Structure formats: C-alpha cells, structure tokens
Amino acid sequence: MILDIKTYPDKILTKKTRPIREFDANLQKLIDDMAETLYAKHGAGLAANQVGESKQIIVVDGGEGLKVLINPKITRSRGQMIYAEGCLSFPGIELFIKRPTKIAVAYQDQKGEAKNLKTENLLARIICHEIDHLDGKTMLDKLPLLKRLALKRQLKKNTK
Ligand code: CO
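As the structure is a prediction and not an experimental result, all values here were calculated from the model. (Residues numbered from 1 in each chain as written. Predicted model: local features only at pLDDT ≥ 70, side-chain atom pairs only at ≥ 80, totals over all residues. Heavy atoms only, no water.)

**Thoughts on helix 1 (residues 25-40)**
In plain terms, the rule: Strands are runs of DSSP state E lasting at least 2 residues, helices are runs of H or I lasting at least 4, and numbering of each runs from the N terminus. For a helix, the expected span equals 1.5 Å multiplied by the residue count minus one. Within 3.5 Å is the distance limit for a polar contact, defined as a pair of N or O atoms, with the added protein rule that one can donate a hydrogen and the other accept it, and that residues adjacent in sequence qualify only through two side-chain atoms.
In a regular helix each residue adds 1.5 Å, so 16 residues correspond to 22 Å; helix 1 covers 22 Å between its end C-alpha atoms and thus fits that length. The opening residue of helix 1 is D24, an N-cap whose side-chain oxygen sits 3.3 Å from the backbone nitrogen of N26.

**Digging into the layout of surface pockets**
Quick note on the threshold: Both site types are read off a 1 Å grid over the protein atoms alone. A 1.4 Å probe that fits but cannot get out defines a cavity, while an open set with protein on both sides within 12 Å along at least five of seven lines defines a pocket; lining residues have an atom within 4 Å of a point. Grid points are joined across faces, edges and corners, and a volume is the space filled by probe spheres set on the points. Side-chain classes follow a simple rule in which Ala, Val, Leu, Ile, Met, Phe, Trp, Tyr, Cys and Pro form the nonpolar group, Asp, Glu, Lys and Arg form the charged group, and the remainder, Gly included, forms the polar group.
For the largest pocket, the calculated volume is near 260 Å³. Residue lining of the largest pocket: 16 residues in total, with A44, G45, E85, G86 and I126 positioned closest to the centre. Here the element with the most residues in the lining of the largest pocket is helix 2 (residues 121-134); it accounts for five residues. The residue makeup of the lining of the largest pocket, split by class, is seven nonpolar, six polar and three charged.

**Some remarks on the sheet that holds strand 7 (residues 114-120)**
Just so we agree on the cut-off: Following DSSP output, two strands are said to pair if at least two bridges run between them. Axes, fitted as lines to C-alpha atoms, cover a helix only where it is in contact. Angles between the N-to-C directions of the axes lie from 0 to 180 degrees. Residues are treated as being in contact if the distance between any of their heavy atoms lies within 4.5 Å.
The strand order across the open sheet built from five strands is 1-2-3-6-7, with neighbouring strands paired in antiparallel fashion. Of all the strands in the sheet, just strand 1 (45-47) and strand 7 have a single pairing partner and so form its edges. The average undirected angle you get between the axes of adjacent strands in this sheet is 40 degrees. Here strand 1 pairs with strand 2 (residues 57-60) via three bridges, running antiparallel. The residue bridging G45 from the neighbouring strand is V60, located in strand 2. Across the sheet, helix 1 is in contact with strand 1, strand 2 and strand 3 (67-78); its angle to strand 2 comes to roughly 35 degrees.

**What about unusual backbone geometry?**
The step from Y8 to P9 runs through a cis peptide bond, and the omega angle for that step is 10 degrees. Non-glycine residue N71 carries a positive phi angle of around 50 degrees. Turning to its location among the elements, N71 is positioned in strand 3. Although it is not a glycine, N121 adopts a positive phi angle of roughly 55 degrees. Considering the arrangement of structural elements, one finds N121 in helix 2.

**A short note on the environment of K11**
For clarity, the threshold we go by: Residue burial is assigned from relative accessible area. The probe radius is 1.4 Å, only protein chains are included, and a residue is buried under 20% of its type maximum, exposed over 50%, and partly exposed in between.
With respect to the secondary-structure elements, K11 resides in the segment before helix 1. Assessed through its relative accessible area of 71%, K11 is described here as exposed. For the pair K11 and E53, spaced 42 residues apart in sequence, the C-alpha separation works out to 12 Å.

**Looking at the pattern of salt bridges**
The following threshold applies: Here a salt bridge means any side-chain nitrogen of Lys or Arg lying within 4 Å of a carboxyl oxygen belonging to Asp or Glu.
Evaluation of the coordinates by the stated rule reveals eight salt bridges. Here D33 makes a salt bridge to K29, at a shortest N to O gap of 3.1 Å. Of this pair, D33 and K29 both sit in helix 1, separated by four residues, roughly a single helical turn. The class of D33 is buried, set by a relative accessible area of 6%. Ionic contacts of the salt-bridge type, sharing partners, join the residues E85, R99, R125 and D132 into one network.

All we've got here are geometric facts, nothing functional implied.
Written out as structure tokens, the structure reads:
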C-alpha cells in the first residue's frame, strides 16, 4: 500500500520518534508499505514519521537495493562534503547540506537482530538524512540560521 507523505510544516516531522520493541507482522507490514511508497515516489530514503508513524524505522536505497534499518544509531563518522539534497517532505526543494563522507551505523534488522553497516558517500548521506528525521530534524536544521529563517518564512507563505 502506498502511504501518504507528510510534508513540512507537519508537526510529526519535528517530533522525536520512538524505538521499536516488537518485531512482529505489523512492523513488517509497515516496512513493506514504506518500501512501496519509497519506490512509488522515486525517493532515495524514507523515515517512518514521514508517513505519519512516529517510529524508528528507515528504508533507504542508494542504487544498490533496499536496506531497512530499525533503531539506527550512527556510531562513527568521518570527513565532510557539501552536496545537493532533496526530501519527499519538501517537494521541489533542493538544498546544499554538509554531511560526513563515511559512517558506521548500528541498527536492528526486521527480525530484531543487531547489525552494523559501514558505508560512504551517497548511501552515508541518505542514512544521515533519514536518521535526522527520526530525531525530529529536517534538512532545514542543517542550514545556517539566517538561511533557515528565510526559507521557513517562504515555505509558510507557500502553504497558505
Ligand atoms: Co527527508
């Protein structure tokens, strides 16, 4: 099932999400729907709160197939690079955002098994973006203050 995407300034996007404790059929259904939604909307990553579920689940695909990360935490990061980024919750907007070039991330898979992933470049960027969502942060929070305020004002005008 393709899910509706919550767009800025929906309040769920700025609220911290809750960890997953039960790895059951309901979780698998939500993951399947998130993956279907990700591909239907031609996104590179999707966090559960973007589809209205305040839960620590992300689905990502940087071109090498689907990855599902539950309760993900970045354990190490290195380097930095500024690159253009979009977000399904900010349709039509592209921002230049600084992110690490290499990360290590600890997470659980859909069965609850603890895993680690080391990755770099595009996939690292996507995962950092999606983990920010789980912390209630969006691309806007990565911008310098004045840019952020100006863009917020503009986005508010557009949604009126
Ligand atoms: Co996003």
